[in-house]
Amino acid sequence: MKEIKLEQTFTEYADINELPEEDRKLMKEAEQAAEAAYAPYSKFHVGAAVLLDNGTIVKGNNQENAAYPSGLCAERVALFASGAHFPKIGIKAIAITAYSELKDNHHQAVSPCGDCRQVMAEYEHRYGHSIRLIMEAEE
């Protein structure tokens, strides 16, 4: 038997303007990605922006399909695009935001689904370091 210890830490900011410049820029890219999401069924727009180790930003958004579950989450769209276009460059961070057309259109923090978490874990293993996760919520 082997004991494995897992730890997590997080920082909560009161306002997006408190974020470091790099993270603020990444979140703005995720917001832009959410605006372009294809969400005609749920009206729930999710945007993700991946920051690569070389400073490149790759965006993705949710893509719904009438043949559910053929759509894809924003996180996986961005992660897979980064892996396809920049296969040798690691991932430093991913910013995720969402809003609903049916509610107040305020951005809200959304946690990646299990499938997206698995993909993130694979990329962490592939590149040998953790991926910083940034989420946004407006009050």
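Overview of the structure. (Residues numbered from 1 in each chain as written. Predicted model: local features only at pLDDT ≥ 70, side-chain atom pairs only at ≥ 80, totals over all residues. Heavy atoms only, no water.)

**Quick look at the nonpolar core**
Here's step 1: With 18 residues, the main nonpolar core has Val50, Leu79, Ile91, Ile94 and Tyr123 as its most contacted residues.
Here's step 2: Here Leu79 is in contact with Val50, Ile91, Ile94, Val119, Met120 and Tyr123, once residues within four sequence places are set aside.
Here's step 3: Membership of the second largest hydrophobic core comes to 10 residues, among which are Leu19, Ala49, Leu51 and Ala95. (Core = buried A, V, L, I, M, F, W, Y, C linked by side-chain atoms within 4.5 Å. Buried < 20%, exposed > 50% of the residue type's maximum accessible area, 1.4 Å probe, protein only. Contact = heavy atoms within 4.5 Å.)

**A closer look at the layout of surface pockets**
Here's step 1: Estimates place the volume of the largest pocket at around 1200 Å³.
Here's step 2: Residue assignment for the lining of the largest pocket shows that the elements contributing at least two residues are helix H3 (114-127) and strand S4 (132-135).
Here's step 3: When grouped by side-chain class, the residues that make up the lining of the largest pocket number 14 nonpolar, 5 polar and 10 charged.
Here's step 4: The calculated volume of the second largest pocket comes to roughly 400 Å³.
Here's step 5: Lining the second largest pocket are 20 residues, and of these Asn62, Glu64, Tyr68, Leu72 and Cys73 sit closest to its centre.
Here's step 6: Secondary-structure elements contributing two or more residues to the lining of the second largest pocket are strand S1 (44-52) and helix H2 (74-85).
Here's step 7: Considering every element that reaches the lining of the second largest pocket, the biggest residue donor is H2, with 3 residues.
Here's step 8: Of the residues belonging to the lining of the second largest pocket, the class tally is 11 nonpolar, 6 polar and 3 charged. (1 Å grid on protein atoms, 1.4 Å probe; cavity = no way out; pocket = protein on both sides within 12 Å on 5 of 7 lines; lining within 4 Å. Points joined across faces, edges and corners; volume = space filled by probe spheres on them. Helix = DSSP H or I, 4+ residues; strand = E, 2+ residues; numbered from the N terminus. Nonpolar A, V, L, I, M, F, W, Y, C, P; charged D, E, K, R; others polar.)

**Observations concerning H3**
Counting along an α-helix, one turn takes 3.6 residues, and residues three or four places apart therefore face a common direction.
Here's step 1: Helix length check: H3, at 14 residues, gives a terminal C-alpha distance of 20 Å against a target of 20 Å (1.5 Å per residue), a fit within 8%.
Here's step 2: Looking at the buried side of H3, the elements it contacts are H2, strand S3 (91-100) and S4.
Here's step 3: Positive phi appears at Gly128, one or two residues downstream of H3, with a value of about 75 degrees. (Expected span 1.5 Å × (residues − 1).)

**Description of helix H1 (residues 21-35)**
Here's step 1: For H1, spanning 15 residues, the distance from its first C-alpha to its last is 21 Å, which sits close to the expected 21 Å at 1.5 Å a residue.
Here's step 2: For H1, every residue scored as buried is listed here: Asp23, Arg24, Leu26, Met27, Glu29, Ala30, Glu31, Ala33 and Ala34.
Here's step 3: Where H1 is buried, its residues touch S1, strand S2 (57-61), S3 and S4.

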